[in-house]
Amino acid sequence: MTRQSQDVEFLIITPTYHRESLLVRFLKQVKFQTYGCWRLLVVHDGPNPLTEQLVGRFRALDPRIEYLHTPTRGNDFGVTPRLEALRRAVLTNPPDYAVFWDDDDYFVRTALETIAASLKAANYPALLLSPNRYRNRVIPPPGIAIGELAPGQVTTGNFAVRTQLALKAYEQIITMKDGSSNGLMYVQDYLLFDQLRKLGPPLSMYIARDAVIGMHDGLRRQVYLRNRLGIPPLGLLSRERISKLMFWKTSPR
């Protein structure tokens, strides 16, 4: 795609670790995004020739897809891979916004198009949070003010962040590793939000309310196959799960 002056360019950062089957599904869904102004950087947590070859096959068909690996495994819930991706991205002509799409997350075909429209409507804030489904609920929760968000109410798939600001935030997050269990990194999605709030001067932040763009863990095998076959989730016992089913059936494939 030839970039037009009005287009927002996205950097999609996807950490991975020995999950080639999930990664194949993920790469296929990204290629069918209706919005074309993006670059994808797949970052393996430590060297992995098999994943590098896999990404290379997709790159041969689409040069917007790139591969990177960290020198050693960080084992910190994707913090080190995301940081390395951002460091690389800012070296030359960084994209406008970074989004953090995990290799097991499902996104509708119009996800980037929806995010771009929401950014424009909000006058291009420093941070935009777009709704995702997480199990049987939507996060961020509908109606909540952005200043009231707590751990568990944001996930990395929500974020569209100015690339330079994302780098500054992750450089702070990496200093919080305790060197042993990395337990704090488990909530690194909230840490990202919290660090962005602390960057001065106060940043413009906005929650998009109009459309759910994806589903956490939506490419894992059982959920993925049921979605493709149009089969309802197991245990259809509540209105929330009925809403979830309607989301799958109305999402582009």
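Relevant structure appears above.
Residues numbered from 1 in each chain as written. Predicted model: local features only at pLDDT ≥ 70, side-chain atom pairs only at ≥ 80, totals over all residues. Heavy atoms only, no water.

A few words on the pattern of salt bridges. Applying the stated criterion across every chain yields a total of ten salt bridges. Across the pair arginine 39 and glutamate 66 runs a salt bridge whose closest N-O atoms are separated by 3.9 Å. Here arginine 39 is found in strand β2 (residues 38-44), whereas its partner glutamate 66 is found in strand β3 (residues 65-69), with 27 residues between them in sequence. Classification of glutamate 66 by relative accessible area gives buried; the value is 18%. With its nearest N and O atoms 3.1 Å apart, the salt bridge here joins aspartate 194 to arginine 197. (Salt bridge = Lys/Arg side-chain N within 4 Å of Asp/Glu carboxyl O. Helix = DSSP H or I, 4+ residues; strand = E, 2+ residues; numbered from the N terminus. Buried < 20%, exposed > 50% of the residue type's maximum accessible area, 1.4 Å probe, protein only.)

Further remarks concern the sheet that holds β3. Sheet strands pair by backbone hydrogen bonding; their relative direction is either parallel or antiparallel. Pairing in this open sheet of seven strands is mixed, and the strands run β3-β2-β1-β4-β9-β6-β10 from one edge to the other. Both edges of this open sheet fall to β3 and β10 (205-207), since each of them pairs with a single strand only. On average, each strand axis in the sheet is tilted by 20 degrees relative to the strand beside it, whichever way the strands run. When strand β1 (residues 10-16) meets β2, the two strands line up parallel, connected through seven bridges. Within the sheet, the bridge partner assigned to phenylalanine 10 lies in β2 and is tryptophan 38. (Pairing = 2+ DSSP bridges. Axes fitted to C-alpha atoms, helices over the stretch in contact; angles between N-to-C directions.)

What follows concerns the packing of aromatic side chains. Scanning the entire structure with this criterion turns up four aromatic pairs. Geometrically, the ring pair formed by phenylalanine 10 and tyrosine 35 is edge-to-face, given 5.6 Å between the ring centres and 70 degrees between the ring planes. Of this pair, phenylalanine 10 sits in strand β1 while tyrosine 35 is found in the loop between α1 (20-31) and β2, placing the two residues 25 residues apart along the sequence. With respect to burial, phenylalanine 10 and tyrosine 35 carry one shared label: buried. Relative to phenylalanine 107, the ring of tryptophan 101 lies with its centre 3.9 Å away and its plane at 10 degrees, an arrangement referred to as stacked. Its end group placed over the ring of tryptophan 38, arginine 64 keeps NZ or CZ at 3.8 Å from the ring centre. Against the face of tyrosine 17 rests arginine 73, its NZ or CZ located 3.8 Å from the ring centre. (Phe/Tyr/Trp six-rings, centres within 6.5 Å; stacked < 30°, edge-to-face > 60°. Lys NZ or Arg CZ within 6 Å of the ring centre and 35° of its normal.)

This part takes up the sheet that holds strand β8 (residues 137-139). Taken together, the four strands give an open sheet; going across it, the order is β5-β11-β7-β8, and neighbouring strands pair in mixed fashion. The two strands at the open ends of the sheet, each matched to only one other strand, are β5 (106-107) and β8.

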